[in-house]
Amino acid sequence: MSATEDGLVWLGTPSFPEAARTGVADGRLRANLRGATRTIRAKRETLTAELSDWEELRTCAAAVKRSALRHLDAHLIRLEAAVTAAGGTVHWAADAAEANRIVTSLVAATGEREVVKVKSMATQETSLNQALATAGIQAYETDLAELIVQLGDDRPSHLLVPAIHKNRSEIRDLFRDSMAAWGMPAPDGLTDDPAALAEAARLHLREKFLRVKVAVCGANFAAADTGTVAVVESEGNGRMCLTLPETLITVMGIEKVLPSFADLEIFLQLLPRSSTGERMNPYTSLWTGTTDGDGPQDFHLVLLDNGRTATLRDTVGRQALACIRCSACLNVCPVYERTGGHTYASVYPGPIGAVLTPQLAGIEHAPSLPFASTLCGACYDACPVKIDIPEVLVHLRARAVEDKRGPVPTAEALLMKAAAATLATPRTLTAAQWAGALGGRLLSRRGVLTSLPGPLARWSRTRDTPAPARETFRAWWRTHRAQEER
C-alpha cells in the first residue's frame, strides 16, 4: 500500500522526535492524559486481579492468535463460505483504496447519501470518511469520543478513547459551537457535567439512528466456522447501528478472524478487563449473515489486507497482527502518557502503533516510530495476547537503520566501528578508558558533560552524560588486590 495524507500515516506531519517536543510542552495535554490513563490502569489492575487464571487466559489467547495467523488463508476461506451460506456477501480488498471503492459503491447502490458509523480502526486506516465525502456521502460517527473528534475536525489520539486529549470543558465548548452544523444543536445552557454532555450527544445522535438506512462498522472478531461477526462497545450506539439500518457494511482487517466460535470465550474475558477495566462489555453484538424480518436485510463483509499479508512474511514482526486493540499498552506506556497520541502521526498510536504502523505502511513512511519507546517492557507485561512489543521494536529499529545505509558510512556507523575496534583487545580498551577519563575531566562540569562535540551534540542535548570515572574498574581491582596480597 502507499501511505496517503489522512490515511494510516499522516504524511507531512513532523517525525516523532519533533512532534514529541510539542506534546511534552503542552501542560494541559499531559494533565488530561495522566488523569485518564492512570484511572484506566487502576481499574484494569483491580479487575485482572480477580481472575486466578488470568495468566493462563493470556497464554491461551496468544496461542489461538498465533495459530490463526499461521493458517490465515484457510480460516479466511472458511469464513467466506460461512458468511455466504448465512446470507451475507464477502468482498476482498487488497488495499485501502480498493476497500473505499467497495464501500462507496455499496452505499451508492442503495441510493442513500448518509451512513451511520460504529467506531472502527479499519475505516480510519483507510480514510473511509474522506472517500465517502468525495463521493457526496456523509458519514456520521456515533461513538461519543469519535463524535467529539469529528465535530472538532480533529484526529484520534487513543485506540479506545479517541478524544482522551480533550477535557470536559473543551468538549462542552465544542458541542456548543459545532453540533448544529451536523444536526440537532446542543441544548441551551449546556454545562460540562458528564451526564449533561452524554445527554446532548444522545439527543444529537438519536434522530440519525432512526433515520439513516445504511451503517458501516468494524469488527473485533469473526468466527471462521460459523461466519459470526462480533462487535463490542460500551455506549449502545453500536447496537443501534447494527440492528436498525437496512444495510450493514463491515470492514474488517483479515487478522481479526478466529478459528472457531468457541474461541470468543477467551477473548470476551480478556478484552473488557484490558481495555476499560470492566468484567464484561456492556454491549456485545454477534450476528451471522442476515435473518428475515430481524435487523439489516443486506450484509456485506469487506476483508481488508492493506499490508497485512506482507507483515505476515516477517517472522518477528508479524506477532503485532495478534493485537486485539485493547489499548492496554498505551495506558502503561511512559512515552505515550507524556507525549500523547498525535505525536505518532498514525491511526495507531502508542507502543502497538510503533510496531504496527511501520509494517503496514512500510518502514520508509514511519522510520522514527520504532524509536518512540524506552524499551521498558511495560507494554509486553500488559498485553493480553503477549505480543513482545520490545522485541519487535528492536527488530524494526535494525530495519530502519539498514534502510538508511548508503555508500558513505554515517557518523553513527563509524562510531560503532571505532567502538568495535576499541573493545577488541584489553590494551586498546585500557588506552581508551585513560583518554576518556582525561578528556572527561577537561570537558566536564560538576561531573556531567554538558555539551559533547560534533555529531554527539544531539545526544548530549537531551541527556545528562556522566563524565568518565577517574579510575577504571580494572585499575581499582589491581590496587585493591595488591593491598589484599600484602
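Because the structure is a prediction, the values reported are computed rather than measured. All residue numbers here refer to positions counted from 1 along the written sequence of the relevant chain. With the structure being a predicted model, the display of local features is reserved for residues of pLDDT at least 70 and the display and counting of side-chain atom pairs for 80 or more, all residues being used for whole-chain, interface and lining totals. Computation of side-chain values: all heavy atoms of the structure, hydrogens and water removed.

**Some details on the pattern of salt bridges**
Just so we agree on the cut-off: Criterion for a salt bridge: a side-chain nitrogen of Lys or Arg within 4 Å of a carboxyl oxygen of Asp or Glu.
Overall, the coordinates contain 15 salt bridges when judged by the stated rule. Salt bridges here are not isolated pairs; linked through shared partners, they connect E114, E207, K208 and R211.

**As for a nonpolar patch on the surface**
Put simply, the rule reads: To count toward a patch, a residue needs a relative accessible area above 30% and no salt bridge. Like charges then connect within 9 Å, nonpolar side chains (Val, Leu, Ile, Met, Phe, Trp, Tyr) within 5 Å. All accessible areas in this document rest on Shrake-Rupley with a 1.4 Å probe, and a residue is counted as covered only by the protein chains that are shown. Strands here are runs of E lasting at least two residues and helices are runs of H or I lasting at least four, both read from the DSSP assignment and numbered beginning at the N terminus.
Together, F473, W476 and W477 make up an exposed nonpolar region whose accessible area comes to about 370 Å². Here W477 is to be found in helix 22 (residues 473-485).

**Description of the confidence of the model for the protein chain**
Definition in use: Confidence of the predictor at the level of single residues is captured by pLDDT, which takes values from 0 to 100. Contact between two residues is taken to exist if any of their heavy atoms lie within 4.5 Å; hydrogens are not considered.
Of all residues in the protein chain, 91% attain a pLDDT of 70 or more, and the chain-wide mean is 91. The low-confidence segment residues 1-5, where pLDDT is below 50, has 16 contacts with residues more than four positions distant or belonging to other chains.

**Focus: the sheet that holds strand 4 (residues 214-217)**
Note: strands within a sheet are paired through backbone hydrogen bonds, in either parallel or antiparallel orientation. Our working rule: Whether two strands pair depends on DSSP finding at least two bridges between them. Every angle, taken between N-to-C directions, lies between 0 and 180 degrees, and every axis is a line fitted to C-alpha atoms, over only the stretch in contact when it is a helix.
Taken in spatial order, the six strands line up as 1-10-7-4-2-3 in an open sheet, and their pairing is parallel. Edge positions in the open sheet fall to strand 1 (89-93) and strand 3 (138-141), since each of these has one partner strand only. Ignoring strand direction, the axes of neighbouring strands in this sheet form an average angle of 25°. Note that strand 2 (residues 114-117) and strand 3 share four bridges and pair parallel. In the strand pairing of strand 3, K117 is matched with E141. Across the sheet, helix 4 (residues 72-85) is in contact with strand 1, strand 7 (247-253) and strand 10 (298-304); its angle to strand 1 comes to roughly 145°.

**Observations concerning the side chain of H165**
Which entries qualify depends on this criterion: Partly exposed residues are those whose accessible area sits between 20% and 50% of the maximum for their type, while under 20% is buried and over 50% is exposed, using a 1.4 Å probe and protein chains only. Counting of polar contacts relies on pairs of N or O atoms within 3.5 Å, with two restrictions inside protein: one atom must be capable of donating a hydrogen and the other of accepting it, and residues adjacent in sequence are counted only when both atoms are side-chain atoms.
Along the chain, H165 turns up in the loop between helix 8 (144-151) and helix 9 (168-178). By relative accessible area, H165 is classed as buried at 11%. A polar side-chain atom of H165 sits 2.7 Å from a polar atom in the side chain of D154. If sequence neighbours within four positions are ignored, H165 has contacts with L29, N32, D154, R155, S157, E170 and H342.

**A short note on the pairing of strand 2**
Relative to strand 4, strand 2 is paired through two bridges, and the arrangement is parallel. Pairing of V116 across the sheet is with A215, part of strand 4.

**Side note on the pairing of strand 10**
In terms of burial, strand 10 is largely enclosed, as six of its seven residues are buried. Bridge analysis of strand 1 against strand 10 gives five bridges, and the strand direction is parallel. Across the sheet, residue V90 finds its bridge partner in strand 10, namely L301. Two strands pair when backbone bridges link them, and strand 7 and strand 10 are joined in this way by seven bridges, in the parallel orientation. Bridge pairing in strand 10 places T247 opposite D298.

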